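Observations on the three-dimensional arrangement
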Amino acid sequence: MPPQFQNENQAKVYEKVATILKEQFGAQARPNDTAPQFHIRAGSAWVTVSVTPINERFTVVRAFSWVVTGAEPTLELRQFLLEENFNMRFGAYAMEPGTNDILFTHAFVGEGIDTDELMWTVMAVANTADDGDDKIVQRFGGQRAVDRN
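So, a few notes on the structure that sits alongside this text. Given the structure is predicted, the values throughout are model-derived calculations rather than measurements. (Residues numbered from 1 in each chain as written. Predicted model: local features only at pLDDT ≥ 70, side-chain atom pairs only at ≥ 80, totals over all residues. Heavy atoms only, no water.)

What follows concerns the packing of helix H1 (residues 8-25) against helix H3 (residues 115-140). It is at 10 Å that the axes of H1 and H3 come closest, and there the two elements cross at 65°. Overall, the two elements H1 and H3 adopt an arrangement that is roughly perpendicular. H1 and H3 meet at a crossing whose hand is right-handed. Between H1, through Val17, Ile20, Leu21, Gln24 and Phe25, and H3, the contact on the second element is made entirely by Thr115, Leu118, Met119, Val122 and Met123. (Axes fitted to C-alpha atoms, helices over the stretch in contact; angles between N-to-C directions. Helix = DSSP H or I, 4+ residues; strand = E, 2+ residues; numbered from the N terminus. Parallel < 35°, antiparallel > 145°, perpendicular 65-115°, else oblique. Left-handed = near helix turned anticlockwise from the far one by under 90°. Contact = heavy atoms within 4.5 Å.)

What follows is the structure, given as structure tokens:
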């Protein structure tokens, strides 16, 4: 069952994203059956790419990956994430509200999407999550998101 779209523009951008991801990743880009998003495995990271409407005219394409779960949300950890964000070219670390799980995310307006922009985004998210998970777990505890049950 294909995902439900909130408007025609979201469906158009979703199809563009689907085409690019299929060309670049083949069967590794798995569509979600219930939401307008895809899942891609890259190293120790799973990257989710979602397409969400901003309004009737515009959408946001967001790539994100859970990095670490179960780390104690100390002031030192939060300071570390903010300082890491300062040096990022694309995206930023965030903590999921209510869980304190750490993710890395990047978003852009979807209407002008091209292959380069989407691939830079997906690879930046994947590489940052893949590199950052070990560093964060070693220093602050928790477990890599890919290792959780």
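To continue, consider the nonpolar core. Soluble globular proteins tend to pack their nonpolar side chains together in the buried interior. Counting 36 residues, the largest nonpolar core has Val17, Leu21, Val49, Val61, Ile102, Leu118 and Ile136 as its most contacted members. Contributions of two or more residues to this core are made by H1, strand S2 (37-42), strand S3 (45-53), strand S4 (59-69), helix H2 (75-86), strand S6 (102-109) and H3. It is H3 that provides the largest number of residues to this core, a total of eight residues. What Val49 contacts, discounting residues up to four positions off in sequence, is Val17, Leu21, Pro36, Gln37, Phe38, Ile40, Val61, Arg62, Ala63, Leu118 and Val122. (Core = buried A, V, L, I, M, F, W, Y, C linked by side-chain atoms within 4.5 Å. Buried < 20%, exposed > 50% of the residue type's maximum accessible area, 1.4 Å probe, protein only.)

Following both chains from N to C, one finds H2 and H3 inclined at 155°, their axes separated by 11 Å at the closest point. What the angle tells us is that H2 and H3 run roughly antiparallel. In the packing of H2 onto H3, the handedness of the crossing is right-handed. For the pair H2 and H3, contact is made by Glu76, Leu77, Phe80, Leu81 and Glu84 and by Lys135, Ile136, Arg139 and Phe140, respectively. Of the residues belonging to the contact of H2 with H3, the class tally is five nonpolar, no polar and four charged. (Nonpolar A, V, L, I, M, F, W, Y, C, P; charged D, E, K, R; others polar.)

Assignment of secondary structure puts Thr105 in strand S6. Take Thr105: its relative accessible area is 14%, and that puts it in the buried class. Engagement of the side chain of Thr105 in a polar contact is seen with the side chain of Arg62, the distance being 3.1 Å. Those residues within four positions of Thr105 in sequence are excluded, and the remaining contacts are Arg62, Ala63, Phe64, Gly91 and Ala92. (Polar contact = N/O pair within 3.5 Å; in protein donor to acceptor, adjacent residues only side chain to side chain.)

Time to look at H2. For H2, built from 12 residues, the straight-helix expectation of 16 Å at 1.5 Å per residue is met to within 8% by its first-to-last C-alpha distance of 17 Å. Of all the residues in H2, the buried ones are Leu77, Phe80, Leu81, Glu84 and Asn85. Taken down its axis, H2 places every buried residue within 135° of arc, on the same side. Exposed positions of H2 whose direction lies more than 90 degrees from the buried face are Leu75, Leu82 and Phe86. For H2, the secondary structure elements touched by its buried residues are strand S5 (92-95), S6 and H3. (Expected span 1.5 Å × (residues − 1). Arc of directions from axis to C-beta.)

Of all the nine residues making up S3, seven are buried; the element is thus mostly covered by neighbouring parts of the structure. Relative to S3, S2 runs antiparallel, the two being bridged by six bridges. Residue pairing across strands places Phe38 opposite Val49, the latter belonging to S3. Here S2 folds back onto S3, and the loop between the two strands holds two residues, one of which, Gly43, carries a positive phi near 65°. Direction of pairing for S3 relative to S4: antiparallel, over a ladder of six bridges. Bridge assignment links Pro53 to a residue of S4, and that residue is Thr59. Once S3 ends, the chain turns through five residues before running back antiparallel as S4. (Pairing = 2+ DSSP bridges.)

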